[in-house]
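# Examining the three-dimensional arrangement
Residues per chain, in single letters:
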Amino acid sequence: MDRSWMYNFRGSKEYENGLDKLFDIAFEKESVNGKIVCPCKNCKLGDWVDRVTAKDHLTYHGFLNGYARWFVHGEASSSTRPTYDLGDNFDNGNDMQGILHDRICFGRVENYSDDNDGDGIPGDEEPNNDAKWYYELLKNAEKELYPGCKKYSQLSAIIRLFHIKCLNRVSNKGFTDLLEFIKDAFPVGETFPKSYYEAKKMIRGLGLSYNKIHAFPNDCMLYRKEYENDTECHVCKTSRYLEDKDSDAVGEALSKKKKKFPAKVLRHFPLIPRLQRLFMSSKTASFMRWHEEGRTEDGYMRHPADSPAWKTFDFRNRDFAEETRNIRLGLTSDGFNPFRSLNVHYSTWPVVLIPFNLPPWMCMKQEYFFLSLLIPGPTMPGNNLDVYLEPLIEELKLLWEVGVNTYDASMNRNFNMRAALLWTISDFPALANLSGWSTKGEFACPSCHKDTCSRWLRYSGKHCYMGHRRFLASDHPFRKDKRSFNGFEEHDKAPSQLSGDMVLRELDGHTHTFGRLNNDNRKLPYNWKKRSIFFELPYWKGNILRHNLDVMHIESNVCESVLATILGLDKSKDHAKARDDLQEMGIRPELHPIVDESGKRYYPPPCFLMNRAEKEIFCGVLKQIKVPDGYSSNISKCISKKPPKIFGLKSHDNHILMQQLFPLALRRVLPKQVRAPLIDLCNFFRGLCSKVLHARELIQLERRIALTLCHLERIFPPSFFDIMVHLPIHLATEARLAGPVQYRWMYPVERYLSTLKAYVRNRSRPEGSIAEGYLAEECVVFCARYLDDVETRSNRATRNHDGNIDTRVELPIFVNPGRHLRGVNIVNWDVNTMKRAHQYVLFNCEMVQPFLSEHREMIRNQNPRLRIRDIERIHNETFASWFANQVQNMDFVNERGISDELRSLAQGPNFIGKRYKGFIINGIRFHVKEIEQRRKTQNSGVVVIAKTTSYSSANDRNPVIGDVTYYGVLKEIVELEYFLSRKVVLFKCDWVGQGRMQRQDENGFTIVDLSRPMNTGEPFILASQAQQVFYAEDPIDKGWHVVIKTAPRDCFDMDRREEIDVEDYLLSETCTGTATTNNMIIY
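Since this is a predicted model, take the numbers as computed values, not measurements. (Residues numbered from 1 in each chain as written. Predicted model: local features only at pLDDT ≥ 70, side-chain atom pairs only at ≥ 80, totals over all residues. Heavy atoms only, no water.)

### Describing the overall build of the protein
- Helix and strand counts for the protein come out as 31 helices and 28 strands.
- By residue count, 54% of the 1083 residues in the protein fall in the buried class.
- In the protein, 69% of the contacts between residues at least 6 apart in sequence involve partners at least 24 apart.
- Carbon and sulfur atoms provide 49% of the accessible area of the protein, an area that totals close to 50300 Å². (Helix = DSSP H or I, 4+ residues; strand = E, 2+ residues; numbered from the N terminus. Buried < 20%, exposed > 50% of the residue type's maximum accessible area, 1.4 Å probe, protein only. Contact = heavy atoms within 4.5 Å. Areas by Shrake-Rupley, 256 points an atom, 1.4 Å probe, with all protein chains shown as cover.)

Below, the structure is given as structure tokens:
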């Protein structure tokens, strides 16, 4: 099509006719509500205008320089997005059109040149840089990989190779070597780049960039805005650049010609274009509205959008909440050593943003973590972190006060995108840097604030934080118990929550100057070190939870303290100085040091310290226990029985211990008054970490943890109660305000820091390596969403995925979502096995239920005097043969409409079937008991809840039908094959039911006797009915095992539950009613 008119005089008839032709195409194919994207120099493809306005703009301003192909205005276009003639040439299933469209077409182009008035002739100027790299991408997308190649273009092949590089962490040198080999192996005329550097330049346009900002070496301020051209710090007078080692005159002359290197560089990754990409990408745009359109609203909290913190924010900022696409963010930061070496002291601090609009299975994945700032080392910024946060805070203020025009690919329209920061996520030391409240000293607790109850221990040389009786009811007897606690009665109330207005009032009139060498700052009240920069955000003071306590590190530290103290390890909190503190405080006289006649000091053994036999039992249980595959690391490697000790535990190991294994090992050791509160402490963390929470349950957890900590105060010495042991008192309250802890703890963040650490290839420039690695990964993650039939991080199946479901079947009984593991054994079934397996299949098929009722009624009519129990026995024995005959007769007379699958089911299975050693179903991995002898894991435990008819006696005519829980051990995994290639997978187990072989112990554990399984005629269950448990052998009662229930990973309970009144939910803090605590969903 001739486009020379675009460069003619804009008042000519040819120009006007050309505009009319362009508008006819554009408004037919690309208009939204009667508007198109304006391609004039002023709008730069960023504003939507009607036809009259577009004509005025193009007549007055002219076309955007380099916009010669109308890719946004319907040229070679479908009804929803432009095409680039790639689909006819290449057939590889990769959506190159989608990549180019979502990256280019609806983003605002910011850097076009406006120095030409558009009155020249075609070809009188080159396209600007932005247009150049777009057309270069388009050219590469249309270029054959080698002559005659119809499957891959040059661009699609490079994207695939880059994806493989990042997914498998191939080094840059290895990638270059691979390209050299490919170029040599492929036919003449191939278009592969020569090196990693060339390949990176080729796809750079698909990624985003970052900015380098020079920083003052002593963290005083940044060289930006009015200080951008300065050469030394205004506070400490330190040079902006590294010192030149040349000192003589010749060296000085040479140094003037040399490039100067900044002493410190902050890397800023602009947040706005990365948030815009979530909407501009057709693969993610619709998910950004999930929090409003997709979540379950029944009063339970499964996501931050269900929490009072989110709802309160929406209530206070209604104009923000009206647009469901506005983004709620979380900010996290922590330091790490990029060198993987403990003898090198270096700390790099990334600042990461997390969008919470996404659904639970997406928002905490690394693909949606946005690196915003990379603060360089070698020293941590500490209290000067606010200096480096300035660029991010300016972006957040812009996103709140103004917003940015953004295209929503899922709705085909522009909108004004805004964003707000809900809270920060960090470990406890970093919380001090983010909030400005010191987490050390007398007022170390940021939640108790100035009301922190602490006491200095003179001999131990530290503060202890007790006073948990304040959190009990005002009439609780512990409040007046002086002897068991600190020697005083407790009449104070629990501290009130610290609001943003309270913080601003306390810091009103106080200023702070940043810099590591600055010592002129006035002392602030209490533990304040600064006024946090987050208060520059207009809405920040109204957030009801601004900084989260990290459950991960708190739980880990509490676990370490408890283990060390009860086992008497090196880090025990019970030591000689702790006993001296007890004596000075005048409490627990039974633990005071005793001095004999010779002057030797003797320390009486406390009730919480295990003796040697108890230590061996405790460590023996943890050493021998086997957990399901993927449940945890091999903790037995960290356990020693002789001598009994525990060492080398990681944070997740401590999490597993506190959730399940620690209470298990405590069952047979320590006195009950010590054991019970420790088990309650574990139960608290298990309830807190549930994926589905409710306010009533969390109120009960608040009360339970207060009582548990008070019981611990009566047992352990004051030195045990450091700040980490105190902080659990606030965790349930924060969960009640902000929802499940899975969105606010550091586990996913720590894993992300490990990913950033892996980017370091140049040890002399660690931050530069991380920045370049992040950009490459970001580009590949964006492109990977458009790669079909390719395993990517976004579509990679989990380790325990069920496999594909056969959608061709009609009967649900033949739907087999699971997949088998290991080898397959072909077997000939004996008559008894096949009969019992087939009977179970019939009794659990929904389509057979009418026949079951008919057969049972027939037996009752034929034998009216038979007892119900005998009728059921005859029914079970004869139904299969009766059903086969009945279906055959009905088919003969053409009654009902017998489907082929029902006919196949009635005929029974083949005598030849399959037997497996392992099977994955419902996201759970099962193995038969046989193969566990040589494994460190246990995947044979099965539990099923079945409806069972119970008789009080042989003559009982009114049996009771109810749910009974059966625990079993998986012996065989069998597959029955019916005609039409229909299959059913069954588990054959040794079962233990209710009765003498199953009971509850005094600690609330279910224990079963697996040495004497039931002699039942129904050993089979459907694979889809199985849930998993694992067993721990009782160290005292041989043959008895403790049952521990598990839940599949990466599964989210989104089903609606009983509706709860919203007002009751929001006002739950004042709720005084009692609720049971045994029905919590355990994670």
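### Description of empty space enclosed by the protein
- In this structure the tally under the stated criterion is six cavities of 30 Å³ or more.
- In terms of lining residues, the largest cavity is bounded by 19 residues, among which Gln366, Glu367, Phe369, Glu778 and Val781 are the most central.
- For the lining of the largest cavity, the elements supplying multiple residues, two or more each, are α9 (271–280), α25 (747–758) and α26 (766–784).
- When residues of the lining of the largest cavity are assigned to their parent elements, the largest contribution, five residues, is made by α26.
- Residue composition of the lining of the largest cavity, by class: ten nonpolar, two polar and seven charged. (1 Å grid on protein atoms, 1.4 Å probe; cavity = no way out; pocket = protein on both sides within 12 Å on 5 of 7 lines; lining within 4 Å. Points joined across faces, edges and corners; volume = space filled by probe spheres on them. Nonpolar A, V, L, I, M, F, W, Y, C, P; charged D, E, K, R; others polar.)

### Thoughts on the side chain of Ser372
- Looking at where Ser372 falls in the secondary structure, it is placed in strand β7 (residues 370–375).
- For Ser372, the contacting residues outside a window of four places in its chain are Arg267, His268, Phe269, Val351, Leu353 and Leu392.

### Observations concerning the sheet that holds strand β6 (residues 349–355)
- Taking strand neighbours across the sheet as the criterion, the seven strands line up as β3-β4-β7-β6-β5-β10-β13 in an open arrangement whose pairing is mixed. For this open sheet the edge positions go to β3 (211–214) and β13 (547–548), each flanked by a neighbour on one side alone.
- Where strand β4 (residues 265–268) and β7 come together, two bridges link them in antiparallel fashion. Residue Arg267 lies in a different strand from β7, and its bridge partner there is Leu374. (Pairing = 2+ DSSP bridges.)

### Things to note about a nonpolar patch on the surface
- Taken together, the side chains of Val824, Ile826, Val831, Phe911 and Ile912 present a nonpolar region at the surface, about 480 Å² in accessible area.
- As for its placement among the helices and strands, Phe911 is situated in the loop between α30 (900–907) and β19 (912–921). (Patch = residues over 30% accessible without salt bridge, like charges linked within 9 Å, V, L, I, M, F, W, Y side chains within 5 Å. Salt bridge = Lys/Arg side-chain N within 4 Å of Asp/Glu carboxyl O.)

### Points about the environment of Tyr407
- Relative to the helices and strands, Tyr407 resides in strand β8 (residues 404–408).
- By relative accessible area, Tyr407 is classed as buried at 3%.
- Of the polar contacts made by the side chain of Tyr407, one reaches the side chain of Asn412; its length is 2.9 Å. (Polar contact = N/O pair within 3.5 Å; in protein donor to acceptor, adjacent residues only side chain to side chain.)

### Considerations on the pairing of strand β20 (residues 924–927)
- Alternating residues of β20 divide into Ile924 and Phe926 and Arg925 and His927, and every residue in both groups is buried.
- Where β19 and β20 come together, four bridges link them in antiparallel fashion. Along β20, the bridge assignment pairs Gly918 with His927.
- The turn linking β19 back onto β20 is made up of two residues, and Asn922 within it adopts a positive phi angle of 55 degrees.

### What about the state of the cysteines?
- As enumerated under the stated definition, the model contains zero disulfides in all.
- Here Cys445 stays unpaired: no disulfide links it, and the sulfur of Cys448, its closest cysteine neighbor, is 3.7 Å away.
- Residue classification places Cys445 among the buried residues on the basis of a relative accessible area of 0%. (Disulfide = S-S within 2.5 Å.)

### As for the packing of aromatic side chains
- Evaluation of the coordinates by the stated rule reveals 39 aromatic pairs.
- Ring geometry for Phe162 against Phe175: centres 5.4 Å apart, planes inclined by 65 degrees, an arrangement best described as edge-to-face. Of this pair, Phe162 sits in helix α5 (residues 154–168) while Phe175 sits in helix α6 (residues 172–185), and the two are 13 residues apart along the sequence.
- According to the relative accessible area criterion, Phe175 is buried, its value standing at 1%.
- Both rings, one in Phe279 and one in Phe415, keep their centres 5.0 Å apart while their planes meet at 70 degrees; by these two values the pair is edge-to-face. Of the two residues, Phe279 is situated in helix α9 and Phe415 in strand β9 (residues 413–417); the sequence distance between them amounts to 136 residues. For the pair formed by Phe279 and Phe415, the shared burial category is buried. (Phe/Tyr/Trp six-rings, centres within 6.5 Å; stacked < 30°, edge-to-face > 60°.)

### Examining the pattern of salt bridges
- Going through the model one piece at a time under the given rule, you end up with 50 salt bridges.
- Between Lys264 and Asp219 there is a salt bridge whose closest N-O contact spans 2.8 Å. Residue Lys264 is located in the loop between α8 (249–257) and β4, and its partner Asp219 is located in the loop between β3 and α8; the two are separated by 45 residues in the primary sequence.
- We classify Lys264 as buried; its relative accessible area is 5%.
- Taken together, the shared-partner salt bridges in this structure form one network comprising Arg667, Arg668, Arg999, Asp1001, Asp1034 and Asp1037.

### A word on the packing of helix α21 (residues 672–688) against helix α24 (residues 728–738)
- Running from N to C, α21 and α24 point in directions that differ by 25 degrees, and their axes come no closer than 11 Å. Classified by the interaxial angle, the pair formed by α21 and α24 is roughly parallel. The interaxial crossing formed by α21 with α24 has left-handed handedness. Contact residues: Phe684, Phe685 and Leu688 in α21; Pro728, Leu731, Ala732 and Ala735 in α24.
- For the contact of α21 with α24, the per-class residue count stands at seven nonpolar, no polar and no charged. (Axes fitted to C-alpha atoms, helices over the stretch in contact; angles between N-to-C directions. Parallel < 35°, antiparallel > 145°, perpendicular 65-115°, else oblique. Left-handed = near helix turned anticlockwise from the far one by under 90°.)

### So, the confidence of the model for the protein
- On average, residues of the protein score 84 in pLDDT, and 86% of them are at 70 or above.
- Across residues 76–88, where pLDDT falls below 50, the model places 41 contacts with residues more than four positions away in sequence or in other chains.
- Long-range and interchain partners of residues 1060–1083, a stretch whose pLDDT sits below 50, account for 47 contacts in this model, where long-range means more than four residues apart. (pLDDT = per-residue confidence, 0-100.)

### Focus: the environment of Asp451
- Along the chain, Asp451 falls in the loop between α15 (428–435) and β11 (455–457).
- Along the backbone, Asp451 and Ala494 are 43 residues apart, and their C-alpha atoms lie at a distance of 8.7 Å.
- Among residues more than four places away in sequence, those in contact with Asp451 are Arg470 and Pro495.

### Considering α6
- Here α6 is 14 residues long and its end C-alpha atoms lie 20 Å apart, about the 20 Å a rise of 1.5 Å per residue gives.
- Listed in full, the buried residues belonging to α6 are Phe175, Thr176, Leu179 and Ile182. Buried residues in α6, looked at end-on, bunch into an arc of 125 degrees, giving them a common side. Away from its buried face by more than 90 degrees, α6 exposes Lys173, Phe181, Asp184 and Ala185.
- Of the surrounding elements, those touching the buried residues of α6 are α5 and α7 (196–202). (Expected span 1.5 Å × (residues − 1). Arc of directions from axis to C-beta.)

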